[in-house]
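Here is what each chain is made of, one letter per residue.
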Amino acid sequence: MGDRLKHDQEFIKKKNQILILEIIQKNNRRISRADIAKMTKMSPASVGRIVNTLIETGLIKETDQQSSGVGRKATMLECDVQSLLAIGVEVDRNVIKAAIVDLDGRIITEAEKKADNSANCPETVASRIIDLIRQLADGQKVELNKFIGIGIGIPGIINPDTGEVIISAQLKWKNERFASLIEDKLPLPVVLDNDLKVKALGESSYWPKSDETKTVLVSVGSGVGSALVDEGEIYRGANNIAGEIGHSTVNPDGMLCECGKRGCLQTYITDLSLLQEANQVRPVHHVEDIFEAMRNGETWAYNIIERACTYIAVTINNVVCTYNPDRIILTGNFIEHHSDTFEMVRAKMKDFIWEPFSGTFDLSRSKLGENSVRIGAAKLVLQQRLKQGLPLD
Ligand SMILES: [Zn+2]
């Protein structure tokens with residue numbers, strides 16, 4: 001058998017394992033092997049094999065025989081709820097948030113610690129995360145080794161294979177093997193990834209058929225970024241930097257960017273660039289002040305916001321031309337904190353989306369709000385655990 005074919009078959013087998021696990025979780029104690037075969041149109045033999053694998057790994061178990069309709073008895077299946085919980089963590093400059101998340105992406109319980117993480121070494125931040133996780137596990141009376149693993153979203157360029165933060169401007173870290181700081185202290189695998197990438201994974205999982213569709217998340221606020229989730233998988237590119245559109249060139253003669261190049265996208269739409277423009281008119285310290293001035297009918301303020309929305313619409317067109325997605329999720333502080341901006345961008349899109357793409361995708365706001373990084377991080381660790389951990393027969 002060719003390597004490629006073998007690889008494809010193993011991939012399908014893993015996908016089917018996850019699919020069946022999810023079906024059982026959603027129909028806990030009300031579903032039999034035969035029901036699953038009917039629902040998935042898989043052969044009873046294949047379903048039986050996968051169910052047995054899931055039982056061997058302790059993720060599901062058989063329940064007592066129950067009547068299923070007319071006098072027939074069938075063995076029902078149920079998930080071991082405690083073995084299907086993951087921990088999702090978000091590390092931002094000013095806060096660490098942690099949550100216990102179930103297979104369905106629901107937050108069971110959560111905790112947070114406010115602190116200036118950029119002023120602390122990674123070891124201190126790691127020990128704060130460990131404290132939060134112990135606190136959550138104690139509160140739920142779940143032993144730590146029962147969890148599937150810990151997923152962590154961090155701003156910056158991350159190597160998810162080594163659990164290393166290559167560079168994080170927000171946290172002021174460089175080349176830190178952060179995942180191992182936690183793995184050394186807790187009996188759980190840690191998966192580390194870029195915050196926007198896991199956020200995109202979390203948001204995409206909110207929508208039906210997320211593993212058959214392409215979702216792009218575009219975030220605008222203190223920075224600009226994007227992330228593609230392609231049929232349930234984060235698209236990474238060669239170095240996990242795919243989607244870092246902040247330094248894509250919009251105008252080679254434009255303003256100088258902090259990276260040293262001219263006319264990067266982030267010189268048009270980040271908070272800092274809006275403030276720089278506003279300060280040409282009068283001293284302004286917060287983006288909120290520009291919105292306030294716009295609401296008071298001041299033209300300069302409207303012009304700044306309107307131009308930012310134009311460039312966001314341009315960005316969406318560029319992203320759509322690159323990836324041809326089913327859905328764009330527009331998020332970030334510029335959108336979340338100012339309700340008019342989403343509709344302004346939507347109105348602009350008529351002028352900027354290339355015609356063949358019009359009507360081919362949905363534009364949506366975030367559905368999970370401030371939970372999305374933690375839910376996505378938990379989803380990621382679950383995905384990885386299921387890929388690595390389930391034995392293939
Ligand atoms: Zn730049």
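Residues numbered from 1 in each chain as written. Predicted model: local features only at pLDDT ≥ 70, side-chain atom pairs only at ≥ 80, totals over all residues. Heavy atoms only, no water.

Engineer: Describe the overall build of the chain, listing the residues and the values that go with them.
Structural biologist: Helix and strand counts for the chain come out as 13 helices and 16 strands. On the principal axes, the C-alpha backbone points of the chain span a range of 80 × 50 × 45 Å. A fraction of 59% describes how many contacts in the chain between residues 6 or more apart in sequence connect residues 24 or more apart. For the chain, the exposed area adds up to about 19100 Å²; of that, 47% sits on carbon and sulfur atoms. (Helix = DSSP H or I, 4+ residues; strand = E, 2+ residues; numbered from the N terminus. Contact = heavy atoms within 4.5 Å. Areas by Shrake-Rupley, 256 points an atom, 1.4 Å probe, with all protein chains shown as cover.)

Engineer: Explain the side chain of T315 to me, using residue names and the numbers behind them.
Structural biologist: In this fold, T315 is placed in helix α10 (residues 299-323). Among the polar contacts listed, one links the side chain of T315 to the backbone oxygen of Y311, at a separation of 2.7 Å. Discounting residues that sit within four places of it in the chain, T315 has contacts with I245, L265 and I269. (Polar contact = N/O pair within 3.5 Å; in protein donor to acceptor, adjacent residues only side chain to side chain.)

Engineer: If you had to explain the domain arrangement of the chain to someone new, which residues and values would you point to?
Structural biologist: When its domains are assigned, the chain resolves into domain 1 (3-79), domain 2 (84-200 + 372-389) and domain 3 (208-366). Once you take the C-alpha centre of each, domain 1 and domain 2 turn out to be 30 Å apart. Both sides together, the interface formed by domain 1 and domain 2 hides about 830 Å², and carbon and sulfur atoms give 70% of it. Summed over the three residues of domain 1 that lose the most area to domain 2, namely I18, Q25 and L59, the buried surface amounts to 50% of that side. Taken together, the links from domain 1 to domain 2 amount to zero salt bridges. Our enumeration of links across domain 1 and domain 2 arrives at zero residue pairs in polar contact (both at pLDDT 80 or more). With six residues, the single largest contributor to the side of domain 1 that touches domain 2 is helix α1 (residues 3-26). In the side of domain 1 that touches domain 2, the residues fall into four nonpolar, one polar and three charged. (Domains from an automatic or database assignment. Buried area = accessible area lost by both parts, 1.4 Å probe. Salt bridge = Lys/Arg side-chain N within 4 Å of Asp/Glu carboxyl O. Nonpolar A, V, L, I, M, F, W, Y, C, P; charged D, E, K, R; others polar.)

Engineer: Outline helix α9 (residues 287-295), supporting the account with residue identities and numerical values.
Structural biologist: Among the residues of α9, V287, I290, F291, A293 and M294 are the ones counted as buried. Here the buried residues of α9 occupy an arc of 160 degrees about the axis, which is enough to place them on one side. Against α8 (271-278), α10, α11 (333-336) and α12 (339-352) lie the buried residues of α9. Just downstream of α9, G297 is the residue with a positive phi angle, here 80 degrees. (Buried < 20%, exposed > 50% of the residue type's maximum accessible area, 1.4 Å probe, protein only. Arc of directions from axis to C-beta.)

Engineer: Give a description of the pairing of strand β10 (residues 173-176) that names residues and reports values.
Structural biologist: Regular strands have side chains that alternate between both faces of the sheet. Note that strand β9 (residues 164-168) and β10 share three bridges and pair antiparallel. Residue I167 lies in a different strand from β10, and its bridge partner there is K174. Counting the residues between successive antiparallel strands, the hairpin from β9 to β10 contains four residues, one of them, K172, with a positive phi of roughly 60 degrees. (Pairing = 2+ DSSP bridges.)

Engineer: Which residues make up the coordination of the zinc ion, and what values go with them?
Structural biologist: Around the zinc ion, the protein contributes the donor atoms H247 (ND1), C257 (SG), C259 (SG) and C264 (SG), at 2.0 to 2.3 Å from the metal centre. Geometry at the zinc ion is tetrahedral, judged from its four donor atoms and the angles of 103 to 120 degrees they form at the metal. Donor residues for the zinc ion, ordered by position in the chain, follow H-x9-C-x1-C-x4-C. Of this pair, H247 sits in the loop between β14 (233-234) and α7 (266-269) while C264 is found in the loop between β14 and α7, placing the two residues 17 residues apart along the sequence. (Donors = N, O, S within 2.8 Å, 3.2 Å for Na, K, Ca; no water. Tetrahedral: all angles 85-135°; square planar, octahedral: opposite > 155°, others 65-115°.)

Engineer: Before we move on, could you go through the environment of K197 and cite the residues and values that matter?
Structural biologist: Structurally, K197 is set in helix α6 (residues 195-206). According to the relative accessible area criterion, K197 is buried, its value standing at 1%. Between the C-alpha atoms of K197 and V101, which are 96 residues apart in sequence, the distance is 18 Å. Engagement of the side chain of K197 in a polar contact is seen with the backbone oxygen of N240, the distance being 3.3 Å.

Engineer: Report on the nonpolar core, specifying residues and quantitative values.
Structural biologist: Core analysis: the biggest nonpolar cluster contains 42 residues, and I269, I290, I312, I316, I328, L330 and F334 have the highest contact counts within it. Counting residues per element, this core draws most heavily on α10, which supplies twelve residues. Setting aside residues up to four positions removed in sequence, I316 forms contacts with I328, L330, V345, M349, I353, F361 and L363. With 41 residues, the next largest nonpolar core counts I31, L59, L201 and I329 among its residues. (Core = buried A, V, L, I, M, F, W, Y, C linked by side-chain atoms within 4.5 Å.)

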